Amino acid sequence: MMSENDHREDPAAEAAQGSSTSNAFTAVKLLAAAALFYSAGLTFAETYQHMTARSTLNSAHDIEAFTANNSNNNAYSYINWDGHGRRLSSEAKTSKENPPSYMKDLFEDLTARTKLMEETPPNEVKYWFEYTGPLQKYFYRYSRSRKKADSFEGRDDSGVVSSRFIETAGGGEEYSTFFGKESSDIPTDEMASYKRLLDNCLAMGSETRPDRKKGSVWSELYNDDADRCRILFTLNTVGAGRLTTMLWETRPPTPHSVEPRPWISEQETAATHLERNLQEIDAMCASGLIAARVQVLVCEPIPGVWTDWMDSMLPNCGGKADPMKVKEGSSAKVEERASPVQVVVTANAKTAEVCHDLKSGFMEQRMQELTLSPPYLTDENVDLKTFNPAEKNTHPDLVSSDDHDLYVALKWSTLITIRSVNAFLQASADLAIAATSTKSELSKEEQEDGVTVVLSSDASSPFLIPSFVRVSYVSEENNKVAKWRMHGDFFHPAAWEICKDSFDMSWIPGSLSGSGGVTDACHGEKECGQWWVYFAEEQMPTTPEIYANEVTAPLVQGGSNYIYMLTERQRQEVVKVKVCLHAAGDDKTKKEQCGDFPQGVIPLGDMESFLMNFTPNTALGKKHSSNRFPGYSRAEERELDRAKVKERKQLKDQEDIEKALFDYTIYPAALFHKDATIKAARARDFAITGAKRDPEAIGPQKVKSGYYDVTITKPRQSQWAWCQAISRKGLCTLYADYFRSFVDDRCLESCGMRKNWSKVERVTDEL
């Protein structure tokens, strides 16, 4: 264990460094960025561009030269596509009749769904009766009188990976099966599909590769010399406890114990959530594609038994192996070998109290500093012209000072899986290829439709980074407001930090990357691309986290402070902006020349992979602080809606329900997906109809959502339900080689890859 403050001169001053960023300023800035989404963007710069001229740090000329010399480069232009052993896509001809072997169960599911719909009498088929998954049970309370746990039964078809309903690590059944397959069992012509995660990671990761020779630390940790995706997990543990006791003051579970454990509530201890996250990280290492290092951030030194326990939870990442599964004497003690876990004490005696304060933003600031490792942490005199963002000058004992390909920062209460890592890397590759590929010129209609956004090497092109949203389930700890809003559905997760007004939709041409790294899957096709959820507001958590965000704003506008990822390339771009802002000081003119921070987006076709389970599941039903609530950009409209409800006496004598509807944010994952889809479909419908649109018509006129725009009297076809389930489970990304080959267009719309959606049946003219 080491203390980060051993290498800092004034930690308290650094903690206060982010205090100048107020929530109001962030909100205004984000709204302005949303309004200028098509014209205002981030200056892109080439990573290894070295300048020879040197001058003083605080010179305005420095900042102007810095931005001028980096204004016409692309954020991904340095990537050497062939430099990381790019794998060519398979030459085997794939078709609907000849799908890949890993999709066998998926096509059998379609057959079963079709049979179910055909054999069920029409009067028994409900339009929502589409999910055929297993019945799930949730234990929520132990009854001492009956000596057993009470439970609910239901089905969670949201597609969100949760520790509540998915007991084993691996990101869900499909992902654990896919990434758990032995290399010897993978057909040669399908190898590119299984290595897609690694290819994407290496293409956008560090150019410096690790020493993998025999006897190296790499060899000691992973027992092989194959290259992997190096991921640094920075884990914020502030607030972790067992009921009212700090977690580190209790004893951890016995490492590698085999005895049965008593039932433990989700809210009883943070140990179960920390354990599940470590199991998920270990499953990533077990895939053979990922090399994980975990940096655990604490406010004060913790007992060694906890360090030993965390190390033992990561045997596939180089931690202590189960003694029952290894040869005698082959597992060294933690002190005698490299460990995948490093505990970092982020505070000293003076700042420990501030660190424990969940409203202070102290740990969020430390997490950002360790993730980014900006040069001004160790050297105030950073030369803007010559500094290299790829170089880290933080103390070499810190694991974060090493070279990594991907950085994952999260709080102990947020569940991380290989599915979310794979989704982030694929979405980042999609945005990268959209910015670098050759695209046809936009038509006048596309330029004015309000949703089409072209990424390019121009300075006006926005810099987008995939972001995450936390979701929570209803539990015994939630109040009745949450249960009312969820209609008694304990089996569906909901967000509380966003609402339907928090985002817009955008179509980005060319934003589909193929296999073998960042490669063009569209090949110049004009209508090829993907729909994206674009965050137009800052995420608004409840107290105390909302106050922490005011002190330390998220790195990505519209993103989260409690779960975010950055590739090495993205980290370098953010560092450039951070260094420029640090050099500008309080000079607003200089700050304006530094560019904005990146904007948060989510691919529509893989939305649920970016919805992260808040594992204690106590977030719903809490009231937001005044003027700090989702949908703040449309607060006046919300109040007008509430006034109309009162005027019409729609909720007369039902004040509790009125408060539940207007004062609390509970936004189910399924509703999020529906709202985003309808927004995108309506935007295209308005763009296509244009001046010819019938002002008296209700609903879509030319194009619609094939899944959501249905009547309640006519059930959907089994194919639509099948495709939507594919999207919810993240299979559009996992099986990207198949769905992006365009040999099967049945699920293009559900995967967010069809620009013009489905045709309204009464329309006969061509789009």
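Here is what the cut-offs are and how they apply
Residues numbered from 1 in each chain as written. Predicted model: local features only at pLDDT ≥ 70, side-chain atom pairs only at ≥ 80, totals over all residues. Heavy atoms only, no water. Helix = DSSP H or I, 4+ residues; strand = E, 2+ residues; numbered from the N terminus. Salt bridge = Lys/Arg side-chain N within 4 Å of Asp/Glu carboxyl O. Buried < 20%, exposed > 50% of the residue type's maximum accessible area, 1.4 Å probe, protein only. Phe/Tyr/Trp six-rings, centres within 6.5 Å; stacked < 30°, edge-to-face > 60°. pLDDT = per-residue confidence, 0-100. Contact = heavy atoms within 4.5 Å. Expected span 1.5 Å × (residues − 1). Arc of directions from axis to C-beta. Pairing = 2+ DSSP bridges. Patch = residues over 30% accessible without salt bridge, like charges linked within 9 Å, V, L, I, M, F, W, Y side chains within 5 Å. Areas by Shrake-Rupley, 256 points an atom, 1.4 Å probe, with all protein chains shown as cover. Disulfide = S-S within 2.5 Å.

Some details on unusual backbone geometry
Point 1. Pro 544 follows Thr 543 through a cis peptide bond whose omega is 5°.
Point 2. With respect to the helices and strands, the residue Pro 544 is situated in the loop between β14 (529-535) and α16 (545-551).
Point 3. Positive phi, normally seen in glycine, also occurs at Asn 617, with a value near 55°.
Point 4. Mapped onto the secondary structure, Asn 617 falls in the loop between β17 (611-613) and α19 (635-647).
Point 5. Its identity is not glycine, yet Phe 742 carries a phi of approximately 65°, on the positive side.
Point 6. Position of Phe 742 relative to the elements: it lies in the loop between α24 (736-739) and β20 (758-759).

A look at the pattern of salt bridges
Point 1. Using the criterion set out here, one finds 32 salt bridges in the structure.
Point 2. Among the salt bridges present, the one from Glu 573 reaches Lys 576, with a minimum N-O distance of 3.3 Å. Placement of the pair is Glu 573 and Lys 576 together in helix α17 (residues 568-584), with a separation of three residues, close to one helical turn. The two residues Glu 573 and Lys 576 agree in class, both being buried.
Point 3. A network of salt bridges, in which partner residues are shared, links Arg 209, Arg 212, Asp 227, Arg 230 and Asp 405.

Structural notes on the packing of aromatic side chains
Point 1. Summed over all chains, the structure comprises 26 aromatic pairs.
Point 2. For the ring pair Trp 531 and Trp 757, a centre distance of 5.8 Å and an interplane angle of 35° mean the geometry is tilted. Here the residue Trp 531 occupies a position in strand β14, and Trp 757 occupies one in the loop between α24 and β20, the gap between them amounting to 226 residues.
Point 3. Overall, Trp 531 belongs to the buried group, its relative accessible area being 0%.
Point 4. Accessibility expressed as a relative area gives 5% for Trp 757, which makes it buried.
Point 5. Plain terms: the ring middles of Tyr 667 and Phe 672 are 5.7 Å apart, the flat faces sit at 40° to each other, and that makes the pair tilted. Of the two residues examined, Tyr 667 and Phe 672, each falls in the buried class.
Point 6. Here the aromatic residues Tyr 102, Tyr 175, Phe 178, Phe 179, Tyr 194 and Tyr 735 are joined through ring pairs into a cluster of three or more.

What to know about the confidence of the model for the chain
Point 1. Residues with a pLDDT of 70 or more make up 83% of the chain, whose mean pLDDT is 83.
Point 2. Under a pLDDT of 50 for its full length, residues 4-74 has, in the predicted model, 186 contacts with residues more than four places off or in other chains.
Point 3. When the criterion is pLDDT under 50, residues 763-767 qualifies, and its contacts beyond four places in sequence or with other chains add up to 10 contacts.

Observations regarding α19
Point 1. Between its first and last C-alpha, α19 extends 18 Å over 13 residues, near the 18 Å set by a 1.5 Å rise per residue.
Point 2. All buried positions along α19 are accounted for by Arg 638, Arg 642 and Val 645. One side of α19 holds all its buried residues, which, seen down the axis, span an arc of 55°. In α19, the exposed residues that point more than 90 degrees away from the buried face are Glu 636, Leu 640 and Glu 647.
Point 3. Contacts made by the buried residues of α19 are with α20 (655-662).

Regarding the pairing of strand β3 (residues 148-154)
Point 1. Sheet topology note: the strand β2 (residues 136-143)/β3 ladder contains seven bridges and is antiparallel. By the bridge assignment for β3, Ser 143 is matched with Lys 148.
Point 2. Where β2 folds back on β3, the antiparallel hairpin that results is connected by four residues, among which Lys 147 adopts a positive phi of roughly 55°.

Quick word on a nonpolar patch on the surface
Point 1. Among the surface-exposed residues, Phe 139, Tyr 142 and Trp 263 lie close enough to one another that they form a single nonpolar patch of about 310 Å² accessible area.
Point 2. Its location among the elements puts Tyr 142 in strand β2.
Point 3. Note on Tyr 142: relative accessible area 44%, which makes it partly exposed.

A look at helix α4 (residues 104-119)
Point 1. The end-to-end C-alpha separation of α4 is 23 Å, in line with the 22 Å expected for 16 residues at 1.5 Å each.
Point 2. Buried residues of α4: Leu 106, Phe 107, Leu 110 and Arg 113, and no others. Around the axis of α4, the buried residues are gathered within 115° of arc, so they sit on the same side. Exposed side chains of α4 directed beyond 90 degrees from the buried face belong to Lys 104, Asp 105, Thr 111 and Glu 119.
Point 3. Looking at the packing, one finds that the buried side of α4 touches α22 (718-728), α23 (731-734) and α24.

Overview of the state of the cysteines
Point 1. The full count for this structure, using the stated rule, is seven disulfides.
Point 2. Covalently, Cys 299 is tied to Cys 355 through a disulfide, its sulfur atoms 2.0 Å apart. Its S-S torsion of about -75° marks the bond between Cys 299 and Cys 355 as left-handed, since a negative value means left-handed. Taken as a pair, Cys 299 in the loop between β7 (290-298) and α10 (304-312) and Cys 355 in helix α11 (residues 352-356) lie far apart in primary sequence, 56 residues in all.
Point 3. Exposure remark for Cys 355: the relative accessible area of 1% places this residue in the buried category.
Point 4. Here Cys 723 connects covalently by a disulfide to Cys 747, the sulfurs 2.0 Å from one another. Taking the sign of the S-S torsion, -75° for the link of Cys 723 and Cys 747, the bridge is left-handed. Linking Cys 723 in helix α22 with Cys 747 in the loop between α24 and β20, this pair joins segments that are 24 residues apart in sequence.

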